[in-house]
Amino acid sequence: MARIKDIRPLKWTGDSLLLLDQRKLPLKEEWIECKDYECVARAIEEMVVRGAPAIGVVAAYGVVLGAKEVAGETKNFLDFKAKLELIINRLAATRPTAVNLFWALKKMKRIVEAGRTIEDIVAALETEAVNIEQQDVETNKKIGQYGAELLSSREVILTHCNTGALATAGYGTALGVIRAAVEAGKEITVYVDETRPYLQGARLTAWELQQEGIPYYLITDNMAGWLMASGEITCVIVGADRIALNGDTANKIGTYALSVLAKEHGIPFYVAAPTSTFDLSIRSGKEIPIEERAPEEVLFCHCRDCRIAPYGAKVKNPAFDVTPHENITAIITEKGVINSPNEEKILEFFRE
Ligand SMILES: CSC[C@H]1O[C@H](OP(=O)(O)O)[C@H](O)[C@@H]1O
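Residues numbered from 1 in each chain as written. Predicted model: local features only at pLDDT ≥ 70, side-chain atom pairs only at ≥ 80, totals over all residues. Heavy atoms only, no water.

Points about the site of the ligand
Taken together, 18 residues surround the ligand, and among them Gly51, Arg95, Asp241, Asn251 and Lys252 come closest. Between the ligand and the protein, one listed contact pairs an oxygen atom with a side-chain N or O atom of asparagine 251 at 2.5 Å. Lysine 252 has a polar side-chain atom sitting 2.6 Å from an oxygen atom of the ligand. Considered on its own, the ligand offers 400 Å² of accessible surface; in the complex 100% of this is hidden by protein. Those elements giving two or more residues to the shell around the ligand turn out to be α2 (52-73) and β9 (249-252). Tallied by class, residues from the shell around the ligand come to seven nonpolar, seven polar and four charged. Among the domains, domain 1 (10-140) and domain 2 (144-351) are the pair contributing at least three residues each to the shell around the ligand. (Near = heavy atom within 4 Å. Polar contact = N/O pair within 3.5 Å; in protein donor to acceptor, adjacent residues only side chain to side chain. Areas by Shrake-Rupley, 256 points an atom, 1.4 Å probe, with all protein chains shown as cover. Helix = DSSP H or I, 4+ residues; strand = E, 2+ residues; numbered from the N terminus. Nonpolar A, V, L, I, M, F, W, Y, C, P; charged D, E, K, R; others polar. Domains from an automatic or database assignment.)

Below you can see the structure in the form of structure tokens.
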């Protein structure tokens, strides 16, 4: 049985947060050290770290760093809580689509509201952030198990963006399913969408699969349709940034098109995500905020040293799209699988 590595994108030292700089991968493995919450906020905005679960974990540690900073500046309890609220708001303003960010910050906010002394709050926040990180890895392994049980002994899986250890606290969601299937001895080959414009697939997923020795082919995004039509792909597994009550799912731009192609070709289309990615406060994907990122991501190659479009070119750069629940074969979570997801099934799933 294949031995899976324990790739982690972040490390909490007790008074700083080390982040693997994902902008530099796959050619350089460089770490940056965040000693304050503003560094963490910028790391999320500039995609030093990215991926829905990962930014939730990192934001939680950002609150811890902020709390330690403020505790060193003031002994006034109300002043401390007021400043901490501003820090949480700063972290909440980093990226709008992934609901895991707000899920984690809400947990931290509840601790601040319940705390009775500054020391107690700082200690409880650190305990909670460590717990969120550790729980995420366990959650991903459960997602992996449920997902691997859906797969045959031989699969050619197309995946989009990066949903691995680098997008989480470790192990990954869609890539966690692939890891679990490999660990279970299944014959898995992965077709990796490069995922323009930020190239999370080419730069990050390919890097992770290479680290694991899992067979893969890198493809450009516009090859997916033909490879499905040619019968090479046996299923599609993607991650998620926010899932509405009816199962509509926001994920990296290009996911919606994959779902339409998969439906056209009768290929199973799976979403792998923790329950913290569900936003039951919204009834459909129409309400999910879609992040518009800088035009430079489209106008230049990733290293920003070569321009690939004329001066003056106008750019659209939505970082996510929404896949209608009707296109999703099943949503794989750490608490089980929701087949043919819709509002009724999701309400029932969360009621259990
Ligand atoms: C584990 S799901 C990660 C999810 O986040 C990615 O977006 P980004 O790289 O912009 O943070 C992508 O949508 C992935 O599916």
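Re helix α9 (residues 255-264)
Every buried residue belonging to α9 is among Thr255, Leu258, Ser259 and Ala262, and all of these are buried. All buried residues of α9 fall inside an arc of 100° around its axis, so they share one side. Downstream of α9 by a residue or two, glycine 266 has a phi angle that is positive, lying close to 65°. (Buried < 20%, exposed > 50% of the residue type's maximum accessible area, 1.4 Å probe, protein only. Arc of directions from axis to C-beta.)

Examining the pairing of strand β7 (residues 235-238)
Residues of β7 alternate between two faces, with Cys235 and Ile237 on one and Val236 and Val238 on the opposite face, all of them buried. In this sheet, β7 lies alongside strand β4 (residues 154-159) in parallel orientation, the contact comprising two bridges. Residue pairing in the sheet places leucine 158 in a bridge with valine 236 of β7. Where β7 lies against strand β10 (residues 269-272), three bridges are found, and the strand directions are parallel. From the neighbouring strand, isoleucine 237 faces β10, where its bridge partner is tyrosine 270. (Pairing = 2+ DSSP bridges.)

A look at the packing of aromatic side chains
Inspection of every chain in the model, using the stated rule, returns four aromatic pairs. Between phenylalanine 349 and phenylalanine 350 the ring centres are 5.4 Å apart and the planes differ by 80°, which places this aromatic pair in the edge-to-face class. Given the relative accessible area of 13%, phenylalanine 349 is considered buried. Aromatic ring contacts, followed pair by pair, group Phe278, Phe349 and Phe350 into a single cluster. Looking at lysine 141, its charged tip hangs above the ring of tyrosine 171, at a distance of 5.8 Å from the centre. If you follow lysine 252 out to its NZ or CZ, it ends over the ring of phenylalanine 320, 3.9 Å from the centre. (Phe/Tyr/Trp six-rings, centres within 6.5 Å; stacked < 30°, edge-to-face > 60°. Lys NZ or Arg CZ within 6 Å of the ring centre and 35° of its normal.)

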